[in-house]
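Listed here are the chains, written in short residue letters.
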Amino acid sequence: MEELPTISIVGTGYVGLTTAAVLANSGFKVYTVDIDPEKIETIKTGKAYFYEEALDELVERAIETRNLIPTLSYEESIPNSDVVFSCVGTPDREDGSHNLDYIYAAAESTAKVANDGLVFVQKSTVPVGTGRQVIKRIKNVREDLQFEYVSNPEFLREGSAVYNTLNMERVILGSDSQEAMDRVEAVYKKIDELCKKLSGVNFGEYASQYIGRKLKAETKSFEDRVYKMRLESAELVKVSANAFLALKISFANSIAKLADKTDADINEVMDGVGSDTRIGRAFLYAGLGWGGGCFPKDVSGLISVANDREVGMSIMEAAVDVNDSMVKYGVEKLSRHIKDFSGKKIVILGLAFKPGTSDVRKSQAIKLANKLVELGAEVVAYDPKAMEEAEETLDPSVRLMNSVSEAVDGMDAVVLAVDWKEFVDADWSKIKAAMAGDVLFDGRNKLDIDEMMELGFRYEGVGRR
Ligand code: UGA
């Protein structure tokens, strides 16, 4: 049998745990290392500590086959590993830039116990220039250690993390060492092989059981999806990609405001604009704007790095301004029908930063809920996955409900804040019948206007009405 390298993944967040579970299911022996005992204990029981489609199943299987070894100990994992993926978090600093303390701590703790020949792979999103700093820190800890550093930014999206990891669109590798990049490429090739197997006939059942949706066969060969480049280039690919996507959304939202003033429908406009293959329809969906653990931090991080190097990044500052304005814009749209919010009963459907996740970081839905409370409204909310995580940032006066039908009962206005399928496909005639009022703000532009008007709603979207 082919001898596979042993892998350690440091950090068990969305990126770390998903990568660990997929690699373990691809046949690697994988240590998943974290400093949080609670997280490690949960993973040991065969499940993730956050919701992500198909992840529990993959973790369970990897624990059963003993390919996945959760541990708190660097001493247990690192000396046995040929490749270490660093996937630790980079919390926000006050100025919005990345706090790199965990990045450096993970590298230093690894260096202390590593053996010669290690490839240290940075998967966490870090500002350009960080890799060189990490290399320096490792050398400070262990001058004699023979290791190579590879920047390998991650592009998975929350809500489809497993799917994206298996169905990789591209692998970006940046390093001074060609050989190190080849070694990491070989690891990814195994994931690609697993993906092919899962989309094959014999594994069809496995795929539908564990992945929940069909994996598509990539049209490009694996080799054509691997991009090897300079270390700094790879670092800049990641934040630039996220910044561009955020820019696209803010662009769509700016045009949406104009659409509202001109009676155009932003969905129609962006269907037309996005049909140009040079532009593309993706990420041109107007609505309450972007949130999450990535776009807000990566965009402000990019602005801050650019400022440090005296490069203007006003294009991204404008994107942030537009995004910040969208919650207020949502309130404005509601106020076309609600002159005074005090005592008005408003239900917010969705609290996560987007559908398919329990993550509420920088959630525009929560900001809107809190804003409405501030204006005196009586706010209730329901989210299929994110209510527990929402409690920390949501105003305590917001009442959390257990279902759509419970939440909408007797409400004056309903806000579709997150486009969970459960909400978009709901029986809106029942919702209307259960409500006391008739105001509907579709903060994600996902509902059919004519249908909603026929049901008797007074409909407002973002860039359409
Ligand atoms: C984003 C990127 O899409 C991933 O490629 C990247 O790997 C990841 O960040 C990361 O850096 O780790 P994610 O934050 O999971 O992924 O979420 P997205 O699906 O990109 O959505 C971001 C936000 O934009 C959400 O709040 C979503 O509701 C909003 N959005 C997205 C829109 O308002 N309009 C759109 O057209 C698309």
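Scroll up for the structure.
Go over the overall build of the protein with me, naming the residues and quoting the values.
Per the secondary structure count, the protein includes 19 helices and 14 strands. Against the 2.2 N^0.38 benchmark of 23 Å for 465 residues, the protein shows a C-alpha radius of gyration of 23 Å, consistent with a compact globule. Seen through its principal axes, the protein has C-alpha atoms that stretch 70 × 55 × 45 Å. Out of the 465 residues belonging to the protein, those deemed buried represent 55%. The long-range share in the protein, meaning contacts at least 24 apart out of those at least 6 apart in sequence, stands at 73%. For the protein, the computed accessible surface area is about 20,800 Å², with 49% contributed by carbon and sulfur atoms. Side chains of the protein give 57 positive and 76 negative charges; the mean places of these two sets differ by 2 Å.

Please give an account of the pairing of strand E12 (residues 413–416) that cites residues and values.
Burial along E12 is two-sided: Ala413 and Val415 and Val414 and Leu416, pointing in opposite directions, are all buried. Direction of pairing for strand E9 (residues 345–349) relative to E12: parallel, over a ladder of 4 bridges. Bridge pairing in E12 places Ile346 opposite Ala413.

Could you give an account of the nonpolar core, naming the residues involved and the relevant values?
Leu334, Ile348, Leu368, Leu372 and Trp428 are the most contacted members of the largest nonpolar core, which totals 64 residues. Every residue in contact with Trp428, bar those within four places of it in the chain, is listed here: Leu349, Val414, Phe423, Leu440, Leu447, Met452, Leu455 and Phe457. Counting 44 residues, the second largest nonpolar core, distinct from the first, contains Val22, Phe28, Tyr163 and Leu198.

Account for the packing of aromatic side chains, naming residues and giving values.
In total, this model carries 8 aromatic pairs according to the counting rule given. Judged by centre distance (6.1 Å) and plane angle (55 degrees), the rings of Phe283 and Phe295 are tilted. In this pair, Phe283 is assigned in the loop between helix H11 (266–274) and helix H12 (295–308) and Phe295 in helix H12, connecting sequence segments 12 residues apart. Taking NZ or CZ as reference, Arg137 lies 3.8 Å from the ring centre of Tyr104, over its face. Positioned above the aromatic ring of Phe155, the side-chain terminus of Arg170 is 3.7 Å from the ring centre.

Give a description of the side chain of Asn267 that names residues and reports values.
Here Asn267 is to be found in helix H11. Not counting residues up to four positions away in its chain, the partners in contact with Asn267 are Arg281, Asn445 and Arg464.

How would you explain the packing of helix H13 (residues 314–335) against helix H14 (residues 364–374) if you had to name every residue and give the values?
Packed helix pairs are characterised by how far apart their axes lie and by the angle those axes make with each other. At a minimum axis separation of 10 Å, H13 and H14 run at an interaxial angle of 50 degrees. As summarised for this structure, H13 and H14 are arranged oblique, according to the angle between their axes. Once H13 is placed against H14, the crossing between them reads as right-handed. Taking contact as the criterion, the partners of Asn323, Met326, Val327, Val331 and Leu334 in H13 are, on H14, Gln364, Lys367, Leu368, Lys371 and Leu372. Considering only residue class, the contact of H13 with H14 consists of 6 nonpolar, 2 polar and 2 charged.

I'd love a proper account of helix H6 (residues 130–141), names of residues and values included.
Helix length check: H6 (12 residues) gives 17 Å between terminal C-alpha atoms against 16 Å at 1.5 Å per residue, within 8%. By the burial criterion, the buried members of H6 are Thr130, Gly131, Val134, Ile135 and Ile138. All buried residues of H6 fall inside an arc of 140 degrees around its axis, so they share one side. Of the residues in H6, the exposed ones pointing more than 90 degrees away from the buried face are Lys136 and Asn140. In this fold, the buried residues of H6 make contact with helix H5 (101–113), strand E5 (118–122), strand E6 (147–151) and helix H10 (231–262).

About the cut-offs
Residues numbered from 1 in each chain as written. Predicted model: local features only at pLDDT ≥ 70, side-chain atom pairs only at ≥ 80, totals over all residues. Heavy atoms only, no water. Helix = DSSP H or I, 4+ residues; strand = E, 2+ residues; numbered from the N terminus. Rg over C-alpha atoms; globule rule 2.2 N^0.38 Å. Buried < 20%, exposed > 50% of the residue type's maximum accessible area, 1.4 Å probe, protein only. Contact = heavy atoms within 4.5 Å. Areas by Shrake-Rupley, 256 points an atom, 1.4 Å probe, with all protein chains shown as cover. Lys, Arg positive; Asp, Glu negative; His and termini not counted. Charge placed at Lys NZ, Arg CZ, Asp CG, Glu CD. Pairing = 2+ DSSP bridges. Core = buried A, V, L, I, M, F, W, Y, C linked by side-chain atoms within 4.5 Å. Phe/Tyr/Trp six-rings, centres within 6.5 Å; stacked < 30°, edge-to-face > 60°. Lys NZ or Arg CZ within 6 Å of the ring centre and 35° of its normal. Axes fitted to C-alpha atoms, helices over the stretch in contact; angles between N-to-C directions. Parallel < 35°, antiparallel > 145°, perpendicular 65-115°, else oblique. Left-handed = near helix turned anticlockwise from the far one by under 90°. Nonpolar A, V, L, I, M, F, W, Y, C, P; charged D, E, K, R; others polar. Expected span 1.5 Å × (residues − 1). Arc of directions from axis to C-beta.

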